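Read off the chains here:
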Amino acid sequence: MAFVSVALLIGVAGYISLNTSQKALQESIGENSVSLATGTLNNIDGAIYNRIEEFQIYSEDSEVQEVTKESNDEFEKLDDIQGYIAQKDKEWTSVPKETVTAFMQKLASNEPAKELKRRLKFYEEKYGYRVFGEVFVTNKYGVNVAQTGKTTDYSQADEQWWQMTKKSGLYVADVEYDKSANVYSTDIGIRIDDENGNFIGVIKAVLNIESVIDIIKKAKKASIYETTELKLFDKKGRMIFDTAKELEAFKGTLDKGIFEKITKSSGYLLKAGESGEGEELFAYAHSKRYRDYEPLGWVLAIEYETKEIFASVAELKNIMLIVFLTLTIVAILIGLSVSRTISKPVQKLRNAALGVGKGELDTKIEVESKDEVGELANSFNKMTGHLKETVDNLNREIDERRRTEKALRESENKYRTLLKNIPQKIFYKDSNSVYVLCNESYAKDLKLKPVQVKGKTDYDFYPKDLADKYAADDKRIMQADKSEMMEEKYIKKGQEYIVQTCKSPVKDEHGNVIGVFGVFWDITDRKKAEQSLEKLNKDLESTIQELSRSNRELHEFAYIAAHDLKAPLRAIGTLADWLLTDYSDKFDQQGKERVNLLVSRVKRIDKLIDSILWYSEVGHNMQENEEMDLNELLSEVIYKIEPPENIEITIENELPTIICGKRPIAQVFQNLISNAVRYMDKPEGQIKVSCSEENGFWKFGVSDNGPGIEEKYFEKIFKIFQTLLPRDEVEATGIGLSLAKKIVELYGGRIWVESKLERGSTFYFTLPKEEVEVKNGRHKANIAC
Amino acid sequence: MVDTKPILLVEDDHVDAMMVKRALRDLKVTNPLVHSKNGKEALEYLRDENNKQPCVILLDLNMPETNGVEFLRALKADESLKLTPVVVLTVSTEERDVIESFNLSVAGYIIKPVDYKKFVEAIRTVALYWTLSELPY
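Each value, and the rule that gives it
- Residues numbered from 1 in each chain as written.
- Chains lettered and ligands numbered in written order.
- Predicted model: local features only at pLDDT ≥ 70, side-chain atom pairs only at ≥ 80, totals over all residues.
- Heavy atoms only, no water.
- Helix = DSSP H or I, 4+ residues; strand = E, 2+ residues; numbered from the N terminus.
- Buried < 20%, exposed > 50% of the residue type's maximum accessible area, 1.4 Å probe, protein only.
- Contact = heavy atoms within 4.5 Å.
- Areas by Shrake-Rupley, 256 points an atom, 1.4 Å probe, with all protein chains shown as cover.
- Salt bridge = Lys/Arg side-chain N within 4 Å of Asp/Glu carboxyl O.
- Pairing = 2+ DSSP bridges.
- Right-handed = clockwise from strand over helix to strand, strands pointing away.
- Axes fitted to C-alpha atoms, helices over the stretch in contact; angles between N-to-C directions.
- Phe/Tyr/Trp six-rings, centres within 6.5 Å; stacked < 30°, edge-to-face > 60°.
- Lys NZ or Arg CZ within 6 Å of the ring centre and 35° of its normal.
- Expected span 1.5 Å × (residues − 1).
- Arc of directions from axis to C-beta.
- Buried area = accessible area lost by both parts, 1.4 Å probe.
- Core = buried A, V, L, I, M, F, W, Y, C linked by side-chain atoms within 4.5 Å.
- pLDDT = per-residue confidence, 0-100.
- Parallel < 35°, antiparallel > 145°, perpendicular 65-115°, else oblique.
- Nonpolar A, V, L, I, M, F, W, Y, C, P; charged D, E, K, R; others polar.

The subject of this paragraph is the overall build of chain A. When its secondary structure is counted, chain A shows 21 helices and 22 strands. Per-residue burial over chain A gives 43% buried out of 785 residues. Nonlocal contacts in chain A, meaning residues at least 24 apart in sequence, comprise 59% of its contacts between residues at least 6 apart. With an accessible surface of roughly 44400 Å², chain A has 53% of that area assigned to carbon and sulfur atoms.

Moving on, we get to the pattern of salt bridges. Enumeration over the complete set of coordinates arrives at 44 salt bridges over all chains. For Glu115(A), the salt bridge is made with Arg118(A), and the minimal N-O distance between the two is 2.1 Å. Within this pair, Glu115(A) and its partner Arg118(A) are both found in helix α5 (residues 111-127), separated by 3 residues, close to a single helical turn. With a shortest N-O distance of 2.9 Å, Asp16(B) and Lys112(B) are connected by a salt bridge. Residue Asp16(B) is found in helix α1 (residues 14-26), and its partner Lys112(B) is found in the loop between β5 (108-111) and α5 (116-132); the two are separated by 96 residues along the sequence.

Residue and element names in this part refer to chain B. Taking every second residue as pointing to the same face, both faces of strand β3 (residues 56-59) are buried, with Val56 and Leu58 on one and Ile57 and Leu59 on the other. The sheet contact formed by strand β1 (residues 7-10) and β3 spans 4 bridges and is parallel. Considered in β3, the bridge of Leu8 is made with Ile57. As paired strands, β3 and strand β4 (residues 86-90) are joined by 3 bridges and run parallel to one another. In the strand pairing of β4, Leu59 is matched with Val88. Taken together, β3, helix α3 (residues 68-77) and β4 constitute a β-α-β crossover, and its handedness is right-handed.

Further remarks concern the sheet that holds strand β17 (residues 647-651) of chain A. Residues and elements named next belong to chain A. Ordered by their spatial adjacency, 5 strands build an open sheet running β17-β19-β20-β22-β21, and the pairing between neighbours is mixed. Looking at which strands have only one partner, the edges of the open sheet turn out to be β17 and β21 (751-756). Strand-to-strand twist of the sheet, defined as the mean angle between neighbouring strand axes without regard to direction, takes the value 15°. Looking at chain direction, strand β20 (residues 697-704) and strand β22 (residues 760-768) are connected through 8 bridges and run antiparallel. Within β22, the position partnered with Val702 by the bridge is Phe763.

Below, the discussion takes up the packing of aromatic side chains. Each aromatic ring pair is summarised here by two numbers: the centre-to-centre distance and the angle between the ring planes. Residue and element names in this part refer to chain A. Taken as a whole and assessed by the stated rule, the structure comprises 20 aromatic pairs over all chains. Residues Phe427 and Phe520 carry aromatic rings whose centres are separated by 5.9 Å and whose planes lie at 50° to one another, so their mutual orientation is tilted. Of the two residues, Phe427 is situated in strand β11 (residues 425-430) and Phe520 in strand β15 (residues 513-522); the sequence distance between them amounts to 93 residues. You'll find Phe427 and Phe520 in the same group, each marked buried. Three or more aromatic residues link up through ring pairs in this structure, and these residues are Phe427, Tyr435, Tyr442, Phe461, Tyr462, Tyr470, Tyr490 and Phe520. Cation over ring: Lys492 sits above Tyr497, and NZ or CZ is 5.6 Å from the ring centre.

In this section: the pairing of strand β7 (residues 239-242) of chain A. All names here are of chain A. As paired elements, strand β6 (residues 229-233) and β7 share 3 bridges and run antiparallel to each other. In the sheet register, Lys231 faces β7, and the bridge partner there is Asp242. Following β6, the chain reverses through 5 residues before pairing antiparallel with β7; Gly237 in that reversal takes a positive phi of roughly 95°.

A few words now on α5(B). Residues and elements named next belong to chain B. Helix length check: α5, at 17 residues, gives a terminal C-alpha distance of 24 Å against a target of 24 Å (1.5 Å per residue), a fit within 8%. The set of residues buried in α5 consists of Tyr116, Phe119, Val120, Ala122, Ile123, Val126, Ala127 and Trp130. Buried residues of α5, viewed axially, fall in a sector of 160°; they line one side. Turned more than 90 degrees away from the buried face of α5 sit Lys117, Lys118, Leu128 and Leu132, all of them exposed.

Once that is clear, we can look at the environment of Glu121(B). Secondary-structure assignment places Glu121(B) in helix α5. Owing to a relative accessible area of 44%, Glu121(B) belongs among the partly exposed residues under this scheme.

Time to look at the sheet that holds strand β8 (residues 266-271) of chain A. Backbone-to-backbone hydrogen bonds join strands into a sheet, with any given pair of strands oriented parallel or antiparallel. Residues and elements named next belong to chain A. Pairing is antiparallel across the open sheet formed by 5 strands, whose spatial order is β7-β6-β10-β9-β8. Edge positions in the sheet fall to β7 and β8, since each has one partner strand and no second. The average angle at which neighbouring strand axes cross in this sheet is 20°, direction not considered. Note that β6 and strand β10 (residues 299-305) share 5 bridges and pair antiparallel. For Lys231, the partnering residue across the bridge sits in β10 and is Ala301.

A few words now on the interface of chain B and chain A. Between chain B and chain A, the contact holds 20 residues from the first and 20 residues from the second. Carbon and sulfur atoms supply 51% of the area that chain B and chain A bury against each other, a total of about 1800 Å² over both sides. The largest share of the area that chain B buries against chain A comes from Arg22(B), Glu94(B) and Val114(B), three residues that together contribute 34% of it. Our count for the chain B to chain A interface comes out at 3 salt bridges. Taking the shortest distance from any N to any O, the salt bridge between Asp577(A) and Lys117(B) comes out at 3.3 Å. Secondary-structure elements contributing two or more residues to the side of chain B that touches chain A are α1, α4 (95-103) and α5 of chain B.

The next subject is the nonpolar core. Residues and elements named next belong to chain A. Grouped together as the largest cluster of nonpolar side chains are 51 residues, with contacts concentrated most on Ile44, Phe55, Phe132, Ile203, Ile209, Leu232 and Trp298. Top element by residues in this core is helix α1 (residues 2-59). It accounts for 10 residues. Every residue in contact with Phe55, bar those within four places of it in the chain, is listed here: Leu116, Leu120, Phe132, Val135, Ile190, Ile203 and Ala205. Core analysis: the second largest hydrophobic core is formed by 43 residues, Ile658, Val668, Phe669 and Tyr747 among them.

Take the environment of Lys716(A) next. Within the secondary structure, Lys716(A) sits in the loop between β20 and α19 (736-746). Using a relative accessible area of 38% as the deciding quantity, one classes Lys716(A) as partly exposed.

So, on to the confidence of the model for chain A. Looking at chain A, the pLDDT average stands at 80 and 90% of residues meet or exceed 70. In this model, residues 776-785 of chain A is a region of pLDDT below 50 whose contacts with residues beyond four sequence positions or in other chains number 15 contacts.

Moving on: the packing of helix α16 (residues 589-617) of chain A against α19(A). All names here are of chain A. Contact geometry for α16 and α19: axes closest at 10 Å, N-to-C directions at 10°. As far as their axial angle goes, α19 and α16 are roughly parallel. Counted together, Trp614, Tyr615 and Ser616 of α16 and Ser738, Leu739 and Lys742 of α19 form the full contact between these two elements. Looking at the contact of α16 with α19 residue by residue, the classes come out as 3 nonpolar, 2 polar and 1 charged.

Note: most residues except glycine have negative phi, and most peptide bonds are trans. Residue and element names in this part refer to chain A. For Ser433, which is not glycine, the phi dihedral falls at a positive 60°. By the element assignment, Ser433 lies in the loop between β11 and β12 (435-438). Classification of Ser433 as buried rests on a relative accessible area of 10%.

Structure representation (structure tokens):
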């Protein structure tokens, strides 16, 4: 682009210079033309005046002078000069043109005429053409005295040229076409003066201006420019000769506009061409004054078509154009190549730089060349690389920060939302216990907006003593720099509540305590509940204590009762026995029987009392649990029972070792087994003790082949004092099974019976392993049922 | 037992006391029997220097006023009395009573059977034992 513009510049400069040179050329050509015109005109002038001069000289010729004077004298003698002239003239003109009268002939044959003819011939021969058309001399009255040929009329005095000649001494008429002579000529009038300078006559010569034309033609020929046209025109602007319109010369006038312009003696101008021709350079020169004579008043103009004269310039222009185009092309080419090597890369660089400026830091320039441009590209790439890194880092940091910010904002929002919505009351007071902020929930309590709470103190919201307490708490906490959790009174809307408050000291970054932060929530309900619970517990405890006490009392009572009952019982028994012993002779058989019955009943009561006592004792005197190898226990129990010989008691499988109270469990087994023994109705009694593990329970079984039990009694038998057989038949208290049941159930187990009438019964009871499990792993291995 | 030393019976129940007396008579035990109706009386007797110190005390636990245990305690607190052998004779099968009694250094613990005959057997064993055994004084 730059190169193109440079080329353009060059072009423009060239054009300007061309124009200038054109102008200069123009000027020079113009000047030259002017000179040419001037010169040519001078020639013309010279040519014409030379002729004129000759005749001027001839006018001074004695012959001419003589004849003229003669004529003048003749005429002066006349009376009516004018009349004579007129008459003669009339005669002259009435004769046909071709006719030459004697009169005329005489005029044409006198000496001057001959001389004139001779001169004419001389010139004709010299120059090859009839330089003069005719020449004649008039006297001072204007009538011909000598002539080379017939003139148009006799008197010339009335003609303007004669008068002009007379006046000015020389008169050059306008160029006219002489049909008769077929020449372009101009009449030249020369005054004849005598030696004294008196006007005596006029010579008129019709100058064939062919020489002038020749000159003009020569000038044209001589011109190097083809389009050169010379124009000669008179002072009126009438065309005398136009090389351009040779045949039409002497016709036409110069364009008025131009004519007006050519006022200087010489000069040139540019004018539009006539009849469609291009612009023309119009150089002109006015004829100069020739010696004493008035200038001819002719103007010679040389026209060149500027096209032509400036052809060289035009050519130059063309060359210039071509050069310029070439230059432009070259410039373009160079430019292209430069652009390829420099400006493209530079462009790339610029683009890249722009890109980088925009933020696209990934822009990289392909380094094609190894030169400075390449280096530049390299450095640029490096720079971009660094920039990108930096930007990436920055971006990462910004992202990080944004993320942190976002997280912070989110968390802030969360906290704000939390703070806003949390039902707990939250506040923050400064070191003077003035509220700095609080959350919605607290503000609501105070029937304010959080912003309204700011700046207030507890004294604004609570009665003095409560506010004092709060303030004291705050102070204490801030001084001790220790958080405290406390339960305290709180007043909301006039009502008293209990709240749980946690106050913490707030520290600034230097560790100075600047305020206290508090959270509290209503625990009135909870407190109430707690209180009720406490009360309940107390009640419960006291109830328990009551219960325990009453239980104890009961137990003691049972104990005492039992003993107190037993004493008289024993007395009865003993006394009855003594009666028998001491007064046996007084009793008959029936009497003795009755006393025996008395004793047996006494025994029964005793047993009953014992049973009741045991029953009431169970659960109280449970004894401490100890590890019991049930196999051993059972041996003891069986031993105590002393089964009769026909009853065999076997332990079917190994019993586990459990932790339990010895007496209660022993009691259970004892009751079951002794029942089995007591009720045995078969001659060969078999009682089997077994154990199994079921669903986390030890299941023990005592089975016999006794009488069996009817299903409808399965439940009944466990009731206290229930026996299935009349008491007289079997000494049973009816308490054994219920006692066993009580014990088993106390351990968390179950007791039941499975039986078939006549076949036998099996009493099962379970003990939950949890309760009785031997925790010591060592012993678990023993449990192999 | 030394024939002359009395047996101190601390028993509140009339019939029970009769039983002991009769049993001793049936067993032809010649030691005189001193019967205190309650612990207080018994202690008074024991503390009275004019009285003969018993060779053995048969003690019932279940008594009004000073019950058996209290008596035992008082007895064992008394330096001059504490060595006297005491055989508890009671209806209570309570293990805790047994333990407590032996804690208080009783020499034996007999549960009174309801059956008189069995009672006599028990007394006989006690008598036999204490005939054999040496006394601390």
